[in-house]
Structure formats: C-alpha cells, structure tokens
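Single-letter residue listing:
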Amino acid sequence: MAKNKTTQTNTGTEMSKSKAKREERRKQVQKAKRDARAARIVGTAVALVVGVAIVAAVGRQLYILAIRTTPGTEYSAGLTADGRIENADMKTALTLADYKNISVPEDEVAATQEEVEEEINSMLESYKELKTDADLTIADGDEVNIDYVGTVDGVEFEGGNSGGAGYDVTIGSGSLVDDFEQQLIGHKPGEELTVEVTFPEDYNEEMAGKDASFAVTVNGINKTPELTDDFVAENLADTEEVSTVAEYRAKVEGDFRKEHLRDYLTDYVVENSTVNTYPSKYIKATKSILKYGDNNTGSEIEDEIAYEKELTGRAEEQAKEAMVYQAIFEDAGLSFDIDTFFAEQTEEMGEEYVDSIKEMYGEAFIAQSEMRQAAIEHLVGLYQ
C-alpha cells in the first residue's frame, strides 16, 4: 500500500511539472505573438508616417504647380476694347464710396511754405547763368566755374587737369583738396592764378602728403536770378501764364494744393470702397504682369506658396483701384475718344511712338489708363 501511495505521489509531481512547462510554453508563444503584433503595428505606423510625408511633399508640389503664376506682359488681358474690366458689373462687384460728399480737411491739402520755396528756388536755379563780367569778385558761397592744370614738382599728374571742360565748385563746400576753394576768394572772372595745396595723408597712395600747384583760370561766376516781376514777365509769362511774382506764387501754391487734393481724394475713395467680387481673369492677368516685373529685379522666391499669396494681395489692390475708377467713370457718365487720343499723341510724339505703345501695352490698357485719368480729373474737379 505504501509503495502504491508513493507511486501516485510521484506521478502527480511529474504531471505538475509537465503542466508548468506547457504554461511557460504558452506564455512564450503569446509573448512572441504580442511582439510580432507590436512590430507589425510599429512598422505600419512608420510606413504611414513616411507615406503621409511623401504624399504631403507630392501634394505640396502639385499645389504649387496649380497656383504658380506664369509671368507675362499681356497688359490688355482681362479688358474689353474700351478699357473696361471683362465680365465685371461695377454696380454689383463693388460698393463705391460716396465720392460726391467727401469732407476734405484743408490743412491736409494746402501747400506748405517749405515746398513752395523749394519749387521757386529750383525754378530759379534752372535759369542760372555764367557771368563773366570782370567787375565781379568771387566771395564765399559763390559757385564758380574754373579750369585747372595740377602739377607736382613741375610734372602734371593724372586726374589733375580739367581738360578745358570747365568745373563748377561752390566756395566753402569743401569739395576740393586742402584750402583750394578759399584761395579763389577775391579773384575775378578771366583771371589766372596759382593755387598751392597739400594733399592729405589719407589720400590715394600716389598723391598722399604731396605738395601740388594748380594753374587755375576763372571762367566766371554762376549767378542765380532774383525773383522779380520783370523776371516773371520775361521768362514765365508764356509757360506758366503769369506776369507777376504774386501770380506765380499763387500758381505754385495752387498746383501743390491740387496735387495734395488729388492724393487725398484718390486714397479716400479707394480705402472707403469695398470689393464684393474680384474679376478672376483680370486678377490672373495682373498677377502675371506683377510677377514679370518681380522676375526682372533678380530676386529669388524662397517660399512659392507665401509668394503667391502676397502676389494675389498686390493684384487685388491694383484691381480694386481699377474697379473704383471705372465705377466713378461710369457713375459720372464720363466718356473719351481713344482715336482722338492717338491722333493727338501721333501729332505730338510721332507715329512710331504711338505704334510702339500700342504694341507694348495694347489699346485696351491705354484706354483703361485714359478712363482712370478722366475719373480722377472729374473727382478732383468736384472739390476745387
């Protein structure tokens, strides 16, 4: 009995060991399956990421190809023969600002004293004359015309000869070496003198620190006329249609006011109008022209998507202006004769010029430009 009992116990122990092995094996198999499944999941995830990246890259390139603007110079594209934007009704495409009732601040459009004086001085400068009267004397601040030949130790050096072409210098400007200019003070037109100078140590290698002599001939003193009634009557009566200083000043002030008024009004009507629908064909044509201009600057496009967005914005700005002026032109019932314009331009500039602008821009674009000008002149005329 005892032997049989022992035998049973051993058998049970052996069965327990076998079961444990089977359990361990099952766990190993399950782990292997889990590891394989995990590997498959990770592999699939990596493949998906790579795939998405590839698709995204391909998709970006396809998108860029789809939106990329082709540069061109078809200025009349998107316009009708009379200069209007194709397939665009300004009454619905645009909400036009109330251009007939603008409150214009006079202090923003009036001419400033500074710009009036600058314009007058510029005009007087254009009438400057070289005076050669022997009784004139060079003074500080005068603009004189001289010729010179420079030598070092009696030998002429490169760049030291005016060649008889005459050289204008303002006394006291410091534009000439050392005290060259000051040595001209007190001399008269027609005089010849010797000017002695020392070149500075930081001058060019050849001349630095050297003493030089200049044989100078004073050709004359440039004199700017004074603004007097006689001057105005003699020089400005025909071109400016004025005969006195007071009339000329009033005209200059009026011209600046008109310029400022034009800027104020055109800015106002564009800023206070709203585009409801942009004309797609016209936008496309405008972008093409703008990109052509950009390409000619030599600048590189680093981000095409960002560039196309910016390009569209610029095209829309230009389109809005064109739409506003067309809307004013139509609302005011304005008109122009493009054939008359070309006839006038032919008479003034010649047939070759007219043919060249027609070929470059197209008649439709030129008509649009005339429409714009007519609209602006009408707008400014309402407030003068």
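Residues numbered from 1 in each chain as written. Predicted model: local features only at pLDDT ≥ 70, side-chain atom pairs only at ≥ 80, totals over all residues. Heavy atoms only, no water.

(A) Local environment of the overall build of the protein chain. Check the secondary structure of the protein chain and you find 12 helices and 8 strands. With 384 residues in all, the protein chain has 29% of them scored as buried. Considering only intrachain contacts with a sequence separation of at least 6, the fraction spanning at least 24 residues in the protein chain is 72%. When the accessible surface of the protein chain is split by element, carbon and sulfur atoms take 49% of a total near 24,200 Å². (Helix = DSSP H or I, 4+ residues; strand = E, 2+ residues; numbered from the N terminus. Buried < 20%, exposed > 50% of the residue type's maximum accessible area, 1.4 Å probe, protein only. Contact = heavy atoms within 4.5 Å. Areas by Shrake-Rupley, 256 points an atom, 1.4 Å probe, with all protein chains shown as cover.)

(B) Expanded view of the pattern of salt bridges. Considering all chains together, one arrives at 18 salt bridges under this definition. For the salt bridge of Lys128 with Glu143, the shortest nitrogen-to-oxygen distance reads 3.0 Å. Here Lys128, found in the loop between helix H4 (113–126) and strand E2 (129–131), pairs with Glu143, found in strand E3 (residues 143–152); they are 15 residues apart in sequence, far enough to count as distant. Linked by salt bridges that have partners in common, Asp82, Arg84 and Glu330 make up one network. (Salt bridge = Lys/Arg side-chain N within 4 Å of Asp/Glu carboxyl O.)

(C) Inspection of the packing of helix H11 (residues 351–361) against helix H12 (residues 363–381) at higher detail. Viewed as axis vectors pointing N to C, H11 and H12 meet at an angle of 100°, and their least axial separation amounts to 6 Å. When the axes of H11 and H12 are compared, the pair comes out roughly perpendicular. The segment H11 lies against H12, with Ile357, Lys358 and Tyr361 engaging Glu363, Phe365 and Ile366. Counted by class, the contact of H11 with H12 contains 4 nonpolar, no polar and 2 charged residues. (Axes fitted to C-alpha atoms, helices over the stretch in contact; angles between N-to-C directions. Parallel < 35°, antiparallel > 145°, perpendicular 65-115°, else oblique. Nonpolar A, V, L, I, M, F, W, Y, C, P; charged D, E, K, R; others polar.)

(D) Highlighting the side chain of Glu115. Topologically, Glu115 is positioned in helix H4. As a buried residue without a salt bridge, Glu115 has its nearest oppositely charged side chain in Arg257, at a separation of 10 Å. There is a polar contact of 2.7 Å between the side chain of Glu115 and the side chain of His260. When neighbours within four sequence positions are excluded, Glu115 is seen to be in contact with Ala110, Phe256 and His260. (Lys, Arg positive; Asp, Glu negative; His and termini not counted. Polar contact = N/O pair within 3.5 Å; in protein donor to acceptor, adjacent residues only side chain to side chain.)

(E) Local environment of the packing of aromatic side chains. Counting across every chain of the model gives 13 aromatic pairs. Centroid distance Tyr127 to Phe231: 5.2 Å. Interplanar angle 85°. Geometry classified as edge-to-face. One end of the pair, Tyr127, is in the loop between H4 and E2; the other, Phe231, is in helix H5 (residues 229–235), with 104 residues separating them in the sequence. The partly exposed category is assigned to Tyr127, whose relative accessible area is 28%. We classify Phe231 as buried; its relative accessible area is 8%. Relative to Phe365, the ring of Tyr361 has its centre 5.6 Å away and its plane inclined at 20°; by these criteria the two rings are stacked. With a relative accessible area of 29%, Tyr361 lands in the partly exposed category. You can call Phe365 partly exposed: its relative accessible area is 23%. Put simply, the rings of Tyr148, Phe157, Tyr167, Phe180, Phe199, Tyr203 and Phe214 touch in pairs and so form one group of aromatic residues. The positively charged end of Lys358 is found above the aromatic ring belonging to Phe342, 4.3 Å away from the centroid. (Phe/Tyr/Trp six-rings, centres within 6.5 Å; stacked < 30°, edge-to-face > 60°. Lys NZ or Arg CZ within 6 Å of the ring centre and 35° of its normal.)

(F) Expanded view of the environment of Tyr167. Within the secondary structure, Tyr167 is located in strand E5 (residues 167–170). Taking the C-alpha atoms as reference points, Tyr167 and Val144, 23 residues apart in sequence, are found 8.0 Å from one another. Not counting chain neighbours up to four residues away, the residues in contact with Tyr167 comprise Val144, Asn145, Ile146, Tyr148 and Leu176.

(G) Focus on helix H10 (residues 338–349). Compared with the 16 Å implied by 1.5 Å per residue over 12 residues, the 16 Å span of H10 between its first and last C-alpha is a close match. Of the surrounding elements, those touching the buried residues of H10 are H11 and H12. By the N-cap criterion, in which a side-chain oxygen at the helix start approaches the backbone nitrogen of a residue two or three places on, H10 is capped by Asp337, the distance to Asp339 being 3.0 Å. Two residues or fewer past H10, Gly350 is found with a positive phi of approximately 100°. (Expected span 1.5 Å × (residues − 1).)

(H) Summary view of the pairing of E3. With respect to burial, E3 is a largely interior element, 7 of its 10 residues being buried. Looking at chain direction, E3 and E5 are connected through 4 bridges and run antiparallel. Within the sheet, the bridge partner assigned to Glu143 lies in E5 and is Thr170. Bridge analysis of E3 against strand E7 (residues 211–223) gives 9 bridges, and the strand direction is antiparallel. By the bridge assignment for E7, Glu143 is matched with Asn222. (Pairing = 2+ DSSP bridges.)

(I) Representation of helix H7 (residues 245–271) in the model. Its 27 residues give H7 an end-to-end C-alpha distance of 39 Å, which sits within 8% of 39 Å, the value for a rise of 1.5 Å per residue. All of the buried residues in H7 are Val245, Tyr248, Val252, Phe256, His260, Leu261, Leu265, Thr266, Val269 and Val270. Turning to H7, the residues buried within the fold contact helix H3 (106–109), H4, H5, helix H6 (237–240), helix H9 (304–331) and H12.

(J) How the structure looks around unusual backbone geometry. Despite not being glycine, Asn87 shows a phi value in the positive range, around 55°. Secondary-structure assignment places Asn87 in the loop between helix H1 (2–67) and helix H2 (90–93). Given the relative accessible area of 80%, Asn87 is considered exposed. One non-glycine residue with positive phi stands out, namely Asp153, at about 55°. One can find Asp153 in the loop between E3 and strand E4 (155–161).

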